[in-house]
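Here's the letter readout for the chains.
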Amino acid sequence: MRPTFPTAPRRERHDLVNLRDNENPFGGPHRHYPDNGNDDLVAAYIRALDVVEPMPDGPRWRWGPESVLITRGAADGLDLVFRTFFEPASDAVALTPPSFALFDELATVYRVARVPVPLRGERLDRLDVGRLASLPVKGVILCDPGNPTGTCLDRRDVLALLDAFDGLVVIDEAYVECSGRVSYRHLIPEHPNLVVVRSMSKALGLAALRLGAVLAHPDLLTALRKTRLPYALPGPVTARAVAELTRPASLRGRIEAFTGERDRLAAGLAGCPGVGRVFAEAGFVTVEGEHTLADELWRAGFDTLPEPMGWPGHVRVSVGRPVDNSRLVAALKGVPAREPATGMRKPTFRMARGAVAAIRGRGLQT
Ligand SMILES: Cc1ncc(COP(=O)(O)O)c(C=O)c1O
């Protein structure tokens, strides 16, 4: 689509009286528009990235603000990518089902033709690179770690695709901090067609703030900035996020608590009747199991997602509070719940569950 909104920062002369923005001078503490560039938040996020995920070996690229666009969640980042780069009723996108339903839904909204190239392999962690690279599509959208698969893509396939395909390669890394592996963001300098979409709702535990990021070559981000609405992020939200992101120990502790509890839930589910293989490399646990498994959990008081994103024979279970996870496993085993180990951190997931419920209310599968 043709970019529309101006992106150049306003010339700021602090000795001038601002009579340009039509704000109400009697409006109280929230009367001014927020900083459109979100400079403080971008700087805090760049620093936070280095503490919440493992770093690659060898020389590192110095991240600058020109490669980071903060968005209203990963969902907003994906929406911007579609709105900016895909021409309605003309372009096509390749998707790799089973994958995050929003990709499909955005393609529908923006009238972009979909070409499904299903994931392969026993763990659905392999790409059909040959087919993807040969398609006449504008771009490919991958989800890694995968929702709903709960596995990470084989890195060799992603690298091979980047080498063989010169269209847009978008990787939704909403759960990457849960996977313990290096983000693909470090490949952006070599692959200017790579766009990495991130979320602060998952491992960082900030779902209520509705924040995420698009990491990409500055030229691509300039185009995204032009299609984004002005003053997109509320001032109180960015201030809260800066406060959260500048506490590295708390962020790390949060991620460790989350992934530790995910692993405990996965281990518990692995021994349960009606549960087959268990996949837990993202921020949830997906198990092989029939719809009846979700029905049984429903009767026991747990709302899980059967056939996630239309994937039959599987049930996706979010990581709940330790006490709830223990009860869930006990309910499936038909035994009384055992208290989780002492010393377990206090649960921090309430906000995330609220935001997911809000998205479900809009009829989207999350
Ligand atoms: C794979 C994936 N991408 C993106 C999102 C949206 O995340 P956000 O809350 O940052 O908009 C979700 C939410 O469930 C997700 O599972």
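Whatever comes next refers back to the structure up there.
Let us look at the structure shown here. (Residues numbered from 1 in each chain as written. Predicted model: local features only at pLDDT ≥ 70, side-chain atom pairs only at ≥ 80, totals over all residues.)

As a matter of local geometry, the ligand sits amid 13 residues, with Gly-73, Ala-75, Ala-174, Ser-199 and Ser-201 nearest to it. The biggest single contributor to the shell around the ligand is helix 2 (residues 73-85), with three residues. Here the residues of the shell around the ligand sort into six nonpolar, six polar and one charged. (Near = placed C-beta within 6 Å. Helix = DSSP H or I, 4+ residues; strand = E, 2+ residues; numbered from the N terminus. Nonpolar A, V, L, I, M, F, W, Y, C, P; charged D, E, K, R; others polar.)

Pairs of packed helices are described in terms of their axes, by the angle between the two and the distance that separates them. Relative to each other, helix 9 (residues 248-270) and helix 11 (residues 322-333) sit at 10°, their axes nearing to 9 Å. In terms of orientation, helix 9 lies roughly parallel with respect to helix 11. When helix 9 is examined against helix 11, the residues Glu-261, Arg-264, Leu-265, Gly-268 and Leu-269 are found in contact with a partner set consisting of Pro-322, Asn-325 and Val-329. Here the residues of the contact of helix 9 with helix 11 sort into four nonpolar, two polar and two charged. (Axes fitted to C-alpha atoms, helices over the stretch in contact; angles between N-to-C directions. Parallel < 35°, antiparallel > 145°, perpendicular 65-115°, else oblique. Contact = placed C-beta atoms within 7 Å.)

Let's shift gears to the pairing of strand 7 (residues 212-216). Regular strands place side chains that alternate from one sheet face to the opposite one. Among the five residues that make up strand 7, five are buried, leaving the element largely enclosed by the rest of the structure. Of the two faces of strand 7, the one carrying Gly-212, Val-214 and Ala-216 and the one carrying Ala-213 and Leu-215 are both buried. In the sheet, strand 1 (residues 68-71) pairs with strand 7 via four bridges, with the strands oriented antiparallel. Paired with Val-68 across the two strands is Leu-215, which belongs to strand 7. Bridge analysis of strand 6 (residues 194-199) against strand 7 gives five bridges, and the strand direction is antiparallel. Following the sheet pairing, Val-196 is matched in strand 7 by Leu-215. (Buried ≥ 20, exposed ≤ 12 C-beta atoms within 10 Å, placed from the backbone. Pairing = 2+ DSSP bridges.)

A word on the sheet that holds strand 9 (residues 284-288). Strand order in the open sheet formed by four strands is 8-9-11-10, with antiparallel pairing between adjacent strands. Whereas interior strands pair on both sides, the edge strands pair on one side only; in this sheet they are strand 8 (278-279) and strand 10 (305-306). Pairing of strand 9 with strand 11 (residues 314-318), which is carried by five bridges, proceeds in the antiparallel orientation. Its bridge partner being in strand 11, Val-287 is matched across the sheet by Val-315.

Among soluble globular proteins, nonpolar side chains are generally buried collectively. Within the largest apolar cluster, 95 residues are counted, with the highest numbers of intra-cluster contacts made by Val-195, Val-214 and Val-285. Two domains share this core, each providing at least three of its residues, namely domain 1 (39-246) and domain 2 (249-361). (Core = buried A, V, L, I, M, F, W, Y, C linked by C-beta atoms within 7 Å. Domains from an automatic or database assignment.)

What follows deals with the pairing of strand 6. For strand 6, the tally of buried residues reaches six of six residues, placing the bulk of the element in the interior. With burial as the criterion, each face of strand 6 is covered, one bearing Leu-194, Val-196 and Arg-198 and the other bearing Val-195, Val-197 and Ser-199. Sheet topology places strand 5 (residues 168-172) next to strand 6; four bridges connect them, and they run parallel. Looking across to strand 6, one finds that Val-170 is bridged to Val-195.

Bringing the environment of Asp-35 into the picture now. By the element assignment, Asp-35 lies in the segment before helix 1 (39-52). With 16 C-beta atoms counted inside 10 Å, the residue Asp-35 sits in the partly exposed group. Taking the C-alpha atoms as reference points, Asp-35 and Pro-234, 199 residues apart in sequence, are found 9.0 Å from one another.

This brings us to the sheet that holds strand 5. Pairing in this open sheet of seven strands is mixed, and the strands run 1-7-6-5-4-2-3 from one edge to the other. Strands with a single pairing partner mark the edges of an open sheet, and in this sheet they are strand 1 and strand 3 (113-116). Sheet twist, expressed as the average angle between the axes of neighbouring strands with direction ignored, equals 20°. Sheet analysis places strand 2 (residues 92-95) next to strand 3, joined by four bridges and oriented parallel. From the neighbouring strand, Leu-95 faces strand 3, where its bridge partner is Pro-116. On top of the sheet, helix 1 reaches strand 1 and strand 7; it is set at about 110° to strand 1, its chief contact. Contacts from helix 7 (residues 218-227) reach strand 1, strand 6 and strand 7, with the element oriented near 140° to strand 7.

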